[in-house]
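Each chain, written out:
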Amino acid sequence: MTSPARTASVLLVGNPNVGKSTAFNYLTRARQRVVNAPGTTVELAEGSWRVGDADVTLVDLPGTYSLIARSPDEQVAADAVADPSHDLAVVVLDATALSRGLYLLGQVATAGRPVVAAVTMADLAATRGLRPDIGGLADALGVPVVEINGRTGLGAEALADAVRAALETPAHVTGIDPHSHTDSLHDNLACAQHLFDWVERVADAAVPATPPRRTLTDRLDAVLLRPWLGIPAFLAVVWAVFQLTTVVATPLMDGAAWLVSGPLASAVSSVLDVARAPAWLTSLAVDGLLSGVGTVLSFLPLMAIMFAAVSVLEGSGYLARVAVVADRAMRALGLDGRAMLPLIVGFGCNVPALSATAVLPHARQRLLTGLLVPLTTCTARLAVYLLLAHTFFPGQAGTVVFLMYVASIALVIGWGLIARRTVLRDVVAGPLVVALPDYQLPHPRALALGVWTRVWSFARKAGSVIVIAVVILWVAQAIPARGGYTPTEVPVGDSIYGVVSESVSPALAPMGLDDWRISASLISGIAAKEVVIGALAQAYALEGADDATLGDQLRATVDETSGGHAGAAALALMIFTLSYVPCFATLAEQRRLYGWKWTAGAAGAQLVGAYLMAVAVFQVGRLLL
Amino acid sequence: MSGVFGAVMERLTRGESPRAAARALGIPLDLAQAVADEAERLGLVIRANAACGTCVPTSSPACAGCPFSGK
């Protein structure tokens with residue numbers, strides 16, 4: 001027993017949601033206080049607990065599954081267990097998940113703390129045929145084990161007796177040698193293997209092993225995790241998502257575009273007229289900002305539907321299966337399987353995908369994956385595909401967009417194979433190990449919140465990056481390069497913007513796209529891919545051609561530049577948009593991670609590859625379409 | 001890797017869920033889940049959404065379009 005002058009300190013340790021705090025409240029009643037854990041902002045509940053003739057301090061630690069912490073709360077629990085000033089740990093075990101609790105108990109014992117075990121939820125376990133043999137468990141552990149119920153007080157006295165006895169004669173767990181914790185992976189791995197074998201032996205002594213029954217998740221996985229069924233199933237799911245997205249979103253997009261170009265543009269013009277704003281300001285506001293940003297924002301309904309569909313796939317646990325199946329396919333091709341997760345992130349946005357390459361253990365693997373990330377087609381490029389698919393393939397827009405995603409995957413694999421056989425021969429493939437969750441129905445509120453957050457973020461980006469880009473473009477369009485015009489009154493074709501774009505556009509002739517507005521939009525897209533459509537809309541709006549929609553005007557242009565093979569030229573434009581130079585943000589992140597040499601080399605290779613592919617698509621396509 | 005830890009890890013490496021691993025090995029589900037959880041803490045296993053946790057979309061406009069990013 002500790003000295004009379006000192007109150008013994010007892011830790012209450014356990015997995016989350018095992019009834020630990022309920023037991024704490026019952027044992028300490030009103031004699032509690034909340035304190036900050038030393039050196040942290042994590043709050044702990046401490047209470048005074050009457051044990052026999054003496055009071056002890058009972059500390060309710062944050063719930064954790066392991067003493068290898070991954071949050072500040074868990075670190076507090078781990079630090080407290082390692083602190084020798086505490087006299088005893090009461091480890092609370094959930095009888096319905098005994099093994100998980102036993103593993104934590106084993107870690108507490110490894111830290112050298114004397115232990116008493118308290119078993120909760122035994123009644124619930126009994127209904128499942130899992131009631132533990134308390135005596136058998138105590139024999140296997142070699143420490144006192146008490147069944148308790150924090151709601152009814154069952155076992156409270158027995159627990160107090162066990163704690164009093166353990167404070168007098170500290171009880172240590174059988175079969176575990178205490179040793180100090182290290183940060184060595186090798187040591188921790190060896191310790192984990194030893195502890196799990198011990199857990200299995202102890203659990204076998206206390207409760208019969210009952211492997212889980214076969215569930216719907218197992219039946220679905222039996223099909224969806226087979227590579228030759230899983231990949232076609234995934235492609236079918238993605239195709240269905242794009243079909244759904246394009247069918248449902250089309251009227252919403254048309255409505256939003258009408259709202260921006262019709263009533264909203266008229267209202268802004270009227271207000272500026274009333275305010276006697278100069279013509280250049282009206283031009284900037286209506287033909288520049290409203291036209292460019294408005295066109296992009298008209299994609300918000302589509303983005304919302306797309307995000308919702310992807311969130312459902314993600315929340316249901318399906319995307320994790322896709323990663324596993326794709327991992328197998330990629331390893332079969334000699335690529336590193338662990339690269340799958342960053343590449344999947346790349347289909348959302350390339351910049352965070354580059355950050356996500358941090359999950360790869362070796363620098364060369366991160367480099368290879370990071371160079372492939374820009375070939376995953378981000379949502380910004382999706383907006384371009386949708387405009388072109390709706391305009392040139394109105395009956396098969398969903399299928400065309402789906403094929404662009406297939407093309408993106410093919411490019412990743414193709415470029416990956418080329419890199420593995422040329423500049424990155426030394427990359428070693430390794431497995432992706434994912435702890436697959438069970439399938440579940442996504443929570444509607446979380447789904448709605450997630451969609452709102454992402455749509456709002458997208459809108460804010462349109463409101464910042466795109467506004468800046470559009471203003472810069474408008475300025476370039478207002479400065480004359482020829483013809484003796486005054487600034488702001490120059491036709492766009494004679495502005496700096498028009499002349500530079502015009503000088504580039506002949507290079508697009510082999511793709512059937514020799515038009516300065518198209519070359520201008522592609523140049524603008526290097527800043528951010530979202531700007532491509534905004535730049536197109538702005539160029540047509542500034543020309544003030546007629547009241548036709550952006551799609552109609554673009555169709556007329558491409559019909560002319562392609563010699564009547566608009567479909568082939570549109571496909572070439574989509575392929576070029578998919579794979580030409582990444583946006584500034586991606587290039588900057590690549591440069592930060594890999595340096596100028598790799599970034600410039602990869603961007604140059606992408607540009608040349610994109611050009612050759614787009615030319616091939618048009619030249620072959622015009623024979624077929 | 002050896003013992004029950006190694007056996008569960010081998011199943012996870014094959015692309016099985018902890019549930020499927022537990023059934024195949026005849027062990028309780030929570031034991032397989034504990035192995036997966038500890039392996040993740042040791043950096044041997046990736047959680048399904050681990051790669052997406054590297055960014056917070058509201059903190060960077062560059063992440064705005066990412067449907068896979070964390071919160």
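Residues numbered from 1 in each chain as written. Chains lettered and ligands numbered in written order. Predicted model: local features only at pLDDT ≥ 70, side-chain atom pairs only at ≥ 80, totals over all residues. Heavy atoms only, no water.

Here the focus is the overall build of chain A. When helices and strands are tallied, chain A shows 25 helices and eight strands. Considering chain A as a whole, with its 625 residues, one finds that 53% of them fall into the buried category. Sequence separation of 24 or more characterises 72% of the internal contacts of chain A that already satisfy a separation of 6 or more. Carbon and sulfur atoms make up 63% of the accessible area of chain A, which totals about 26,400 Å². (Helix = DSSP H or I, 4+ residues; strand = E, 2+ residues; numbered from the N terminus. Buried < 20%, exposed > 50% of the residue type's maximum accessible area, 1.4 Å probe, protein only. Contact = heavy atoms within 4.5 Å. Areas by Shrake-Rupley, 256 points an atom, 1.4 Å probe, with all protein chains shown as cover.)

Further remarks concern a nonpolar patch on the surface. Residues and elements named next belong to chain A. Taken together, the side chains of Val475, Ile479, Ile496, Val500, Val504 and Ile523 define a hydrophobic patch exposed on the protein surface, amounting to about 420 Å² of accessible area. Take the nonpolar patch: its biggest share by element is three residues, from helix 19 (residues 496-504). Mapped onto the elements of the fold, Val475 is located in helix 18 (residues 444-478). Judged by its relative accessible area of 37%, Val475 falls in the partly exposed class. (Patch = residues over 30% accessible without salt bridge, like charges linked within 9 Å, V, L, I, M, F, W, Y side chains within 5 Å. Salt bridge = Lys/Arg side-chain N within 4 Å of Asp/Glu carboxyl O.)

A few words now on the packing of aromatic side chains. On inspection of all chains with the given rule, the structure shows five aromatic pairs over all chains. Here the aromatic rings of Tyr103(A) and Phe196(A) are separated by 4.1 Å at their centres, their planes lie at 10 degrees, and the arrangement is stacked. Residue Tyr103(A) is located in helix 3 (residues 98-110), and its partner Phe196(A) is located in helix 7 (residues 185-206); the two are separated by 93 residues in the primary sequence. We note that Tyr103(A), like Phe196(A), is buried. Where Tyr497(A) meets Trp516(A), the ring centres are 6.1 Å apart and the plane angle is 90 degrees; that geometry is what we call edge-to-face. Of this pair, Tyr497(A) sits in helix 19 while Trp516(A) sits in helix 20 (residues 516-524), and the two are 19 residues apart along the sequence. By the ring-pair criterion, three or more aromatic residues cluster together here, those being Tyr103(A), Phe196(A) and Phe5(B). Over the aromatic face of Tyr65(A) sits the side chain of Arg100(A), whose NZ or CZ is 3.8 Å from the ring centroid. The ring of Tyr580(A) is capped by Lys529(A), whose NZ or CZ atom sits 4.7 Å from the centre of that ring. (Phe/Tyr/Trp six-rings, centres within 6.5 Å; stacked < 30°, edge-to-face > 60°. Lys NZ or Arg CZ within 6 Å of the ring centre and 35° of its normal.)

Time to look at helix 8 (residues 216-224) of chain A. Taken as a whole, helix 8 of chain A has its buried residues at Thr217(A), Asp218(A), Asp221(A) and Leu224(A). All buried residues of helix 8 of chain A project into a common sector of 140 degrees when viewed along the axis, lining one side. (Arc of directions from axis to C-beta.)

This paragraph deals with the packing of helix 24 (residues 584-594) of chain A against helix 25 (residues 596-624) of chain A. Residue and element names in this part refer to chain A. Following both chains from N to C, one finds helix 24 and helix 25 inclined at 140 degrees, their axes separated by 7 Å at the closest point. Looking at the two axes, helix 24 sits oblique to helix 25. Every residue of helix 25 that contacts helix 24 at Leu587, Gln590, Arg591 and Tyr594 is listed here: Trp596, Trp598, Thr599 and Ala603. Residue composition of the contact of helix 24 with helix 25, by class: five nonpolar, two polar and one charged. (Axes fitted to C-alpha atoms, helices over the stretch in contact; angles between N-to-C directions. Parallel < 35°, antiparallel > 145°, perpendicular 65-115°, else oblique. Nonpolar A, V, L, I, M, F, W, Y, C, P; charged D, E, K, R; others polar.)

This paragraph deals with the pattern of salt bridges. For the coordinates displayed, the defined rule picks out 20 salt bridges over all chains. With its nearest N and O atoms 3.7 Å apart, the salt bridge here joins Arg31(A) to Asp55(A). Taken together, the residues span a long stretch of sequence, with Arg31(A) in the loop between helix 1 (20-28) and strand 2 (32-36) and Asp55(A) in strand 4 (residues 54-60) at a distance of 24 residues. Residue classification places Arg31(A) among the partly exposed residues on the basis of a relative accessible area of 39%. Here the residues in one salt-bridge network are Arg70(A), Glu74(A), Arg100(A), Asp37(B), Glu40(B) and Arg41(B), joined through shared partners.

Take the pairing of strand 2 of chain A next. Successive residues of a regular strand alternate their side chains across the two faces of the sheet. Residue and element names in this part refer to chain A. Bridge count for strand 2 against strand 3 (residues 43-51) is five bridges, and the pairing is antiparallel. By the bridge assignment, Asn36 is partnered in strand 3 with Glu43. Adjacent in sequence and paired antiparallel, strand 2 and strand 3 are bridged by six residues, among which Gly39 carries a positive phi angle near 75 degrees. (Pairing = 2+ DSSP bridges.)

Looking now at the sheet that holds strand 2 of chain A. Residue and element names in this part refer to chain A. Read from one edge of the open sheet, seven strands run 2-3-4-1-5-6-7, paired in mixed fashion. Pairing within the sheet leaves two strands with one partner each, and these edge strands are strand 2 and strand 7 (145-147). With direction set aside, neighbouring strand axes in the sheet form an average angle of 30 degrees. Across seven bridges, strand 3 lies against strand 4 in antiparallel orientation. Considered in strand 4, the bridge of Arg50 is made with Asp55. Across the sheet, helix 1 is in contact with strand 1 (9-14), strand 2, strand 3, strand 4 and strand 5 (88-94); its angle to strand 3 comes to roughly 45 degrees. The strands touched by helix 6 (residues 156-168) within the sheet are strand 1, strand 3, strand 4, strand 5, strand 6 (115-120) and strand 7, with strand 3 carrying the most contacts at an inclination of about 90 degrees.

This part is about the confidence of the model for chain B. Residue and element names in this part refer to chain B. When pLDDT is averaged across chain B, the result is 72; 62% of the residues are at 70 or more. In the predicted structure, residues 49-71 sits below a pLDDT of 50 and forms 63 contacts with residues beyond four places in sequence or in another chain. Under the prediction, the complex receives an ipTM of 0.80, its pTM being 0.63. (pLDDT = per-residue confidence, 0-100.)

What follows is about unusual backbone geometry. Residues and elements named next belong to chain A. Even without a glycine there, the phi angle at Asn17 is positive, about 60 degrees. Tracing the sequence through the fold places Asn17 in the loop between strand 1 and helix 1. In this structure Asn17 comes out as exposed when scored by relative accessible area, which is 71%.

Among the secondary structure elements, Ala171(A) is positioned in the loop between helix 6 and helix 7. Each C-alpha atom, one on Ala171(A) and one on Val143(A), is 5.6 Å from the other, the two residues being 28 residues apart in sequence.

This brings us to helix 1 of chain A. Residue and element names in this part refer to chain A. Every buried residue belonging to helix 1 is among Lys20, Ala23, Phe24, Leu27 and Thr28, and all of these are buried. End-on, the buried residues of helix 1 take up no more than an arc of 110 degrees, which puts them together on one face. Tucked into the core, helix 1 has its buried residues touching strand 1, strand 2, strand 3, strand 4, strand 5 and helix 6. Count one or two residues on from helix 1 and you reach Arg29, which has phi positive near 50 degrees.

What follows is about the packing of helix 1 (residues 3-13) of chain B against helix 2 (residues 18-25) of chain B. Residue and element names in this part refer to chain B. Helix 2 packs onto helix 1 with a crossing angle of 130 degrees between their chain directions and a minimal axis gap of 9 Å. The orientation of helix 1 with respect to helix 2, classified from their angle, is oblique. Where helix 1 crosses over helix 2, the handedness of that crossing is right-handed. The segment helix 1 lies against helix 2, with Ala7, Val8, Arg11 and Leu12 engaging Pro18, Ala21, Ala24 and Leu25. Among the residues making up the contact of helix 1 with helix 2, the classes are represented as seven nonpolar, no polar and one charged. (Left-handed = near helix turned anticlockwise from the far one by under 90°.)

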